[in-house]
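What the coordinates show
Here are the chains, one letter per residue:
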Amino acid sequence: MMKSNLTTLCYIEHDDQYLMLHRVKKEHDVNKDKWIGIGGHFEADESPEECLLREVLDETGLQLTSWRLRGIITFLCDHWQTEYMFLYTADCYQGELTDCDEGELKWIPKKDVCHLPIWEGDKIFFRLIEEEAAFFSLKLQYVDDQLVTCMLNGKHYPY
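Everything in this summary refers to the structure shown in the same document. It should be emphasised that the depicted structure is a prediction, and the values quoted were computed from it without experimental measurement.

A look at helix H2 (residues 120–130)
Of all the residues in H2, the buried ones are Gly121, Asp122, Ile124, Phe125, Phe126, Leu128 and Ile129. Directly after H2, the chain includes Glu132, whose backbone phi takes a positive value near 55 degrees.

Notes on the side chain of Glu55
As for its placement among the helices and strands, Glu55 is situated in helix H1 (residues 48–60). Residue class for Glu55 comes out buried when judged on its relative accessible area of 9%. Residues in contact with Glu55, not counting those within four places in the same chain, are Thr8, Ile38, Gly39, Gly40 and His41.

Re the packing of aromatic side chains
Enumeration according to the criterion identifies 9 aromatic pairs in this entry. Measuring from ring centre to ring centre gives 6.3 Å for Tyr11 and Phe125, while their planes differ by 45 degrees; the resulting arrangement is tilted. Separated by 114 residues along the polypeptide, Tyr11 in strand S1 (residues 6–14) and Phe125 in helix H2 bring together distant segments of the chain. Each member of the pair Tyr11 and Phe125 is classed as buried. Ring plane angle 25 degrees and centroid distance 6.2 Å describe the contact between Tyr93 and Trp107, whose orientation is recorded as stacked. Here Trp107 lies in strand S7 (residues 104–109) and Tyr93 lies in strand S6 (residues 80–94), a separation of 14 residues in the sequence. Put simply, the rings of Tyr11, Tyr18, Phe125 and Phe126 pair up and form one aromatic cluster. Positioned above the aromatic ring of Trp119, the side-chain terminus of Lys34 is 4.6 Å from the ring centre. One Lys or Arg, Lys110, reaches over the ring of Tyr18 and ends 5.0 Å from the middle of that ring.

Some words on H1
A turn of α-helix holds 3.6 residues, and therefore any two residues three or four places apart point the same way. The end-to-end C-alpha distance of H1, which contains 13 residues, comes to 18 Å, matching closely the 18 Å that a straight helix rising 1.5 Å per residue would cover. Within the span of H1, buried status applies to Pro48, Cys51, Leu52, Arg54, Glu55, Val56, Glu59 and Thr60. Where the residues of H1 are buried, they touch S1, strand S2 (17–22), strand S4 (38–41), strand S5 (63–77), S6 and S7. Note on H1: the residue one or two positions beyond its end, Gly61, has a positive phi of about 80 degrees.

The rules behind these values
The numbers attached to residues start from 1 for each chain and follow its sequence in the written order. The model is predicted, so local features are restricted to residues of pLDDT at least 70 and side-chain atom pairs to those at 80 or more, both for listing and for counting; the totals for chains, interfaces and linings are taken over all residues. Only hydrogens and water are removed before side-chain values are computed, so all heavy atoms of the structure are retained for them. For each residue, the accessible area found with a 1.4 Å probe, counting protein chains only, is set against the maximum for its type, and the residue is called buried under 20%, exposed over 50%, and partly exposed in between. Elements are defined by DSSP. Helices are runs of H or I of four residues or more, strands are runs of E of two residues or more, and each kind is numbered from the N terminus. Working rule for contacts: check all heavy atoms of both residues, and any pair within 4.5 Å makes them a contact. Pairing of aromatic rings covers Phe, Tyr and the six-membered ring of Trp, with a centre-to-centre limit of 6.5 Å; geometry is then stacked below 30 degrees between planes, edge-to-face above 60, and tilted otherwise. We call a charge positioned above a ring when the Lys NZ or Arg CZ atom is no farther than 6 Å from the ring centre and deviates by at most 35 degrees from the ring normal. Each helix should span, by expectation, one fewer than its residue count multiplied by 1.5 Å.

Shown next, in the form of structure tokens:
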């Protein structure tokens, strides 16, 4: 069965840091060796919020108590199906951080995140989040893992 092309991604915030996942544990991983937020694919009949809460709990052991939908990201790439990602930030949670079977979890100062090996498009939505941009739609197109087109709210956006 093919995975859903609907996903969630969340950047959990604490003390001016984001909880980041260094994807080093899965063999065939489109995000191999990259640092990303917490999230994953929708399961059958899930809402975006149900997917968000399940994925965060599964990957971190944390139960979110406060979160905000920031935007929708459309990913196009020559190596995988188009993906539609619901992007969240969260600033309150309960529980203790656990190990993740997809990689290593680490709190990273926000000022340092863009210096990590992350997707080029991620730098754009980090900038939009930090600028407190209104809810946005971002379309990112990759060819051979290189960002070639970026559209913000339907208009070309420099990157």
